[in-house]
Number of protein chains: 2
Amino acid sequence: MKIIIDTFGADYGIGIPIEGAIEALKSKEFIPCFSGEKEKIEKIIDGRIKSYEIIDAKEKIENNEDPVRAIRKKKESSLVKGFNKLNEEGYDGLVSSGSTGAILASGLFISGRIEGIKRACIATSLPTYENTSLLLDTGANMDCKAEFLKEFAIMGHVFAKNVLNIENPSVSLLNVGIEEHKGNKLSKETYKLLKASSLNFVGNIEARDLFTGKTNIIIADGFDGNIAIKTAEGVISLFGKEIKDAIYKSVKTKIGGALIKDSLKENLSKYNSDGIGGAPLLGVKQYVYKAHGNSNKKAFASAILGLIDYINTDTIEKIKGELK
Amino acid sequence: MKIIIDTFGADYGIGIPIEGAIEALKSKEFIPCFSGEKEKIEKIIDGRIKSYEIIDAKEKIENNEDPVRAIRKKKESSLVKGFNKLNEEGYDGLVSSGSTGAILASGLFISGRIEGIKRACIATSLPTYENTSLLLDTGANMDCKAEFLKEFAIMGHVFAKNVLNIENPSVSLLNVGIEEHKGNKLSKETYKLLKASSLNFVGNIEARDLFTGKTNIIIADGFDGNIAIKTAEGVISLFGKEIKDAIYKSVKTKIGGALIKDSLKENLSKYNSDGIGGAPLLGVKQYVYKAHGNSNKKAFASAILGLIDYINTDTIEKIKGELK
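Keep in mind the model is a prediction, meaning the values are calculated, not measured. (Residues numbered from 1 in each chain as written. Chains lettered and ligands numbered in written order. Predicted model: local features only at pLDDT ≥ 70, side-chain atom pairs only at ≥ 80, totals over all residues. Heavy atoms only, no water.)

Novice: So, the interface of chain B and chain A: which residues are in play, and what are the values?
Specialist: Between chain B and chain A, the contact holds 57 residues from the first and 57 residues from the second. The junction of chain B with chain A conceals about 5400 Å² of combined surface from both sides, 66% of it contributed by carbon and sulfur atoms. The interface formed by chain B and chain A holds eight salt bridges in total. Taking the shortest distance from any N to any O, the salt bridge between Lys-230 of chain B and Glu-206 of chain A comes out at 2.4 Å. Inspection of the chain B/chain A interface yields 24 residue pairs in polar contact (both at pLDDT 80 or more). (Contact = heavy atoms within 4.5 Å. Buried area = accessible area lost by both parts, 1.4 Å probe. Salt bridge = Lys/Arg side-chain N within 4 Å of Asp/Glu carboxyl O. Polar contact = N/O pair within 3.5 Å; in protein donor to acceptor, adjacent residues only side chain to side chain.)

In structure tokens form, the structure reads like this:
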């Protein structure tokens, strides 16, 4: 299996995707195909892996560029060259921690949409108190129609069933209240569509239940899904800081902290993004994963391993089957 | 000063608003005017306060009712009778922990909108690492236009300046990225309006910065603002549970927990809602406060005290002045 790895885009530099790939190779076999500056990549690899390919690409798409214009203009960028390579025989998937907009645009214009799907979306796994829930869309589509959200639900259903091994996954709609009449125009219309579908729709869910594990799949438009995951990220980081401050306050609290540090770490570590690392771009014809911009090597390795699971379960073919 | 207190609507029963009022009377002078079932109210007060009034009302508006229909139909409800009383001479403000929709509808149809304001909104104070930020709207308006969001910003500005004592408060727009071109149609249009206004607009803010205290006022439509605060609530409650689990794991962790418990409580208690308790309904002609549905007596008391500050600063008159 050949996995294309965009080496540009990680906040902490091109070392992250490369070290992430080396890390991932410890648990799964695959051939990494690095897209980026050849010389720099080889220098970082430094003979540590034997079997790999390089797509030499000097251009980089930045986060603040208009995505569609950027992928049209920067034909020599690591992302565009990577996506072009993915269309060739023998390449199985692509992972990038670059601009979400540019990954989406490349997915739509270079890989192409699955027939019958109007919008591709990003499906983020949320660690919860009990298990994992899938939230989609978390940032690909800013202005949605109800029919797009229904598509997200169908794709989430296939992904949860095949990649996460959940039989008949429950589907909820992110809303401001659990009652059917609550919400904005979009959520009211989507409620009706989901209720009439053959999915295991269990109703609205409030954002305070996003992390309780009440439901397997949570549907939102990309704007709201993004607000939700970033709010959670913010609170998690804030609490990390406050707990640290609380421990470093006095000798007494430092001793207390030393005694519960490991236990706290055990319980809270699942909420940092390292263990998840990435999210699939569902709805395009190729296997594409978005890794977190601020990934460390462990998080990037998780993204690669997630992508491999996604490929191995043949999920795209199953999504096509579900749409027939 | 006379404050009308709706005794229906608190999740934990009519005891909460009454005990909250008794608690608030310890720090500020006012005459509570309780709306609800006279006999039950008197039984709970049990002679503990001398100076109070009762609006006898037997009907209750439930959370799952259609708000506009409910306030039209239930003329004898504690909320509708309370709002009618508020229009009489000598009554200064009203607080309720009942249905947000019904409070909004009563505000609009019984109190009336301030001239020049198209939508009323709910302004929630967010505790942050450094200070307090104001998020509005957090649930009154589901489908917004950019001009409504600009109104929220103006009202937030006046509230922050007068009630929170912040000179020239900074205003940010909740969005999925900090760049001007990011977001959905609504956020792009709102960005332009805010940029062109005389407000101290400092640009977009991502949801992960909601609790860092980077900005004084954060503008969102009621759907997104609600998703954000409820996501935060969910994560805060989840972390509370995980920390407890981590402490109760073994003898060692229990000892550690005992040593840092007070310090943790000191750092984390500002994030539970008791200290804030309520949020003003801005944009209506009367002083109205929404208390949290799951308030305890301390949280309800905070809501009453917040309402009194809001009244004492003459903020509604100042909003009218700002619109001229």
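After presenting the structure, the write-up continues.
Novice: Please give an account of the pattern of salt bridges that cites residues and values.
Specialist: Residues and elements named next belong to chain B. Taken as a whole and assessed by the stated rule, the structure comprises 44 salt bridges over all chains. The partner of Glu-23 in a salt bridge is Lys-26, with the nearest N and O atoms 3.4 Å apart. For Glu-23, a relative accessible area of 25% translates into the label partly exposed. Residues Asp-309 and Lys-28 are paired through a salt bridge, measuring 2.8 Å at the closest nitrogen-oxygen approach. Taken together, the residues Asp-309 in helix 10 (residues 297-312) and Lys-28 in the loop between helix 1 (15-24) and strand 2 (31-36) connect sequence positions 281 residues apart. (Buried < 20%, exposed > 50% of the residue type's maximum accessible area, 1.4 Å probe, protein only. Helix = DSSP H or I, 4+ residues; strand = E, 2+ residues; numbered from the N terminus.)

Novice: Account for the relation of the copies chain B and chain A, naming residues and giving values.
Specialist: The two copies are related by a screw motion: chain B maps onto chain A through a turn of 180° and a shift of 0.0 Å along the axis, at an RMSD of 0.0 Å. Classification of the inter-copy transformation places it as that of a two-fold axis. When each C-alpha of chain B is compared by its distance to the rotation axis, Gly-256 of chain B comes out closest, at 1.9 Å. The fraction of interface residues of chain B whose copies in chain A are also interface residues reaches 100%, indicating that both copies meet through the same surface. (Least-squares fit on C-alpha atoms with pLDDT ≥ 70 in both.)

Novice: Got a sec to walk through the pairing of strand 3 (residues 53-56) of chain A? Specific residues and values, please.
Specialist: Pairing analysis gives four bridges linking strand 2 (residues 31-36) of chain A to strand 3 of chain A, with the strands arranged parallel. Following the sheet pairing, Phe-34 of chain A is matched in strand 3 of chain A by Ile-54 of chain A. (Pairing = 2+ DSSP bridges.)

Novice: Tell me about the domain arrangement of chain A, residues and numbers included.
Specialist: Residues and elements named next belong to chain A. Looking at chain A, the domain boundaries give domain 1 (1-117 + 283-314) and domain 2 (121-273). Centre-to-centre separation of domain 1 and domain 2, based on C-alpha positions: 25 Å. Interface area, domain 1 with domain 2, both sides summed: about 900 Å², of which 69% is carbon and sulfur. The largest per-residue losses of area from domain 1 upon contact with domain 2 belong to Leu-104, Ile-117 and Thr-313, which jointly make up 41% of the total buried on that side. Run the count over domain 1 and domain 2 and you get zero salt bridges. When contributions to the side of domain 1 that touches domain 2 are tallied by element, the ones reaching two or more residues are helix 5 (100-111) and helix 10 (297-312). Sorting elements by how many residues they give to the side of domain 1 that touches domain 2 places helix 10 first, with three residues. (Domains from an automatic or database assignment.)

Novice: Describe the side chain of Ser-35 of chain B, listing the residues and the values that go with them.
Specialist: Inspection of the secondary structure puts Ser-35 of chain B in strand 2. In this view, Ser-35 of chain B contacts Ile-5, Asp-6, Thr-7, Phe-8, Ile-41, Ile-55, Ala-57, Ser-78, Lys-81 and Gly-82 of chain B; residues no more than four positions away in its chain are not counted.

Novice: Provide a residue-level description of the sheet that holds strand 7 (residues 170-175) of chain B, including the pertinent values.
Specialist: Residue and element names in this part refer to chain B. If you walk across this open sheet you meet the eleven strands as 3-2-1-4-11-10-5-6-9-7-8, and the pairing is mixed. A single partner strand is all that each edge strand has here, and the edge strands are strand 3 (53-56) and strand 8 (200-206). Taking each pair of neighbouring strands and ignoring which way they run, the sheet shows an average axis angle of 25°. Where strand 4 (residues 93-96) meets strand 11 (residues 287-291), four bridges bridge the pair, whose relative direction is parallel. In the strand pairing of strand 11, Leu-94 is matched with Val-288. (Axes fitted to C-alpha atoms, helices over the stretch in contact; angles between N-to-C directions.)

Novice: Residue-level account of helix 8 (residues 222-247) of chain B, with values.
Specialist: Here helix 8 of chain B is 26 residues long and its end C-alpha atoms lie 37 Å apart, about the 38 Å a rise of 1.5 Å per residue gives. Among the 26 residues of helix 8 of chain B, 20 are classified as buried, and the element is accordingly described as predominantly covered. (Expected span 1.5 Å × (residues − 1).)

Novice: I'd like to hear about the confidence of the model for chain A, residue by residue, with values.
Specialist: Overall, the prediction assigns chain A a mean pLDDT of 94, with 98% of residues at 70 or greater. Model confidence for the complex: the whole-complex pTM is 0.92, and ipTM, which rates the interface, is 0.91. (pLDDT = per-residue confidence, 0-100.)

Novice: Can you break down the packing of aromatic side chains residue by residue, with the values?
Specialist: Here the structure, examined in full by the defined rule, presents 13 aromatic pairs over all chains. Arranged with centres 5.9 Å apart and planes meeting at 80°, the rings of Phe-239 of chain A and Phe-239 of chain B form a pair that is edge-to-face. With Phe-239 of chain A in helix 8 (residues 222-247) and Phe-239 of chain B in helix 8, this residue pair bridges two chains. For the residue pair Phe-239 of chain A and Phe-239 of chain B, the accessibility class agrees, reading buried in each case. Taken together, the ring pairs in this structure connect Phe-159, Tyr-287, Tyr-289 and Tyr-310 of chain A into an aromatic cluster. (Phe/Tyr/Trp six-rings, centres within 6.5 Å; stacked < 30°, edge-to-face > 60°.)

Novice: Explain the packing of helix 9 (residues 251-268) of chain A against helix 8 of chain B to me, and be specific about the residues and the numbers.
Specialist: In the contact formed by helix 9 of chain A and helix 8 of chain B, the axes pass within 8 Å of each other and the chain directions differ by 140°. Put simply, helix 9 of chain A runs oblique to helix 8 of chain B. Regarding helix 9 of chain A and helix 8 of chain B, the two cross each other, and that crossing is right-handed. Note on element contacts: helix 8 of chain B touches helix 9 of chain A through Phe-239, Glu-242, Ile-243, Asp-245, Ala-246 and Ile-247 of chain B, opposite Ile-260, Ser-263, Leu-264, Asn-267 and Leu-268 of chain A. Partitioning the contact of helix 9 of chain A with helix 8 of chain B into residue classes produces seven nonpolar, two polar and two charged. (Parallel < 35°, antiparallel > 145°, perpendicular 65-115°, else oblique. Left-handed = near helix turned anticlockwise from the far one by under 90°. Nonpolar A, V, L, I, M, F, W, Y, C, P; charged D, E, K, R; others polar.)

Novice: So what's going on with the pairing of strand 1 (residues 2-6) of chain B? Residues and values would help.
Specialist: Residues and elements named next belong to chain B. Counted residue by residue, strand 1 has four buried out of five residues, so it is predominantly covered. Here five bridges tie strand 1 to strand 2, and the two strands are oriented parallel to one another. When the bridges of strand 2 are listed, Ile-3 appears paired with Pro-32. Each parallel crossover has a hand, and the one from strand 1 via helix 1 to strand 2 is right-handed. Taken together, the three bridges between strand 1 and strand 4 define a ladder with parallel strand orientation. (Right-handed = clockwise from strand over helix to strand, strands pointing away.)

Novice: So what's going on with the sheet that holds strand 2 of chain A? Residues and values would help.
Specialist: Residue and element names in this part refer to chain A. Pairing within the open sheet is mixed, and its eleven strands lie in the order 3-2-1-4-11-10-5-6-9-7-8. Of all strands in the sheet, those with a lone pairing partner are strand 3 and strand 8 (200-206), marking the two edges. If you compare each strand with its neighbour and ignore which way they point, the axes differ by 25° on average. The pairing of strand 7 (residues 170-175) with strand 9 (residues 217-219) spans three bridges and is classified as parallel. Along strand 9, the bridge assignment pairs Ser-172 with Ile-218.

Novice: So what about the side chain of Thr-7 of chain A? Which residues, and what values?
Specialist: For Thr-7 of chain A, the position within the fold is in the loop between strand 1 (2-6) and helix 1 (15-24). Only 2.7 Å separates the side chain of Thr-7 of chain A from the backbone oxygen of Ser-35 of chain A, close enough to count as a polar contact.

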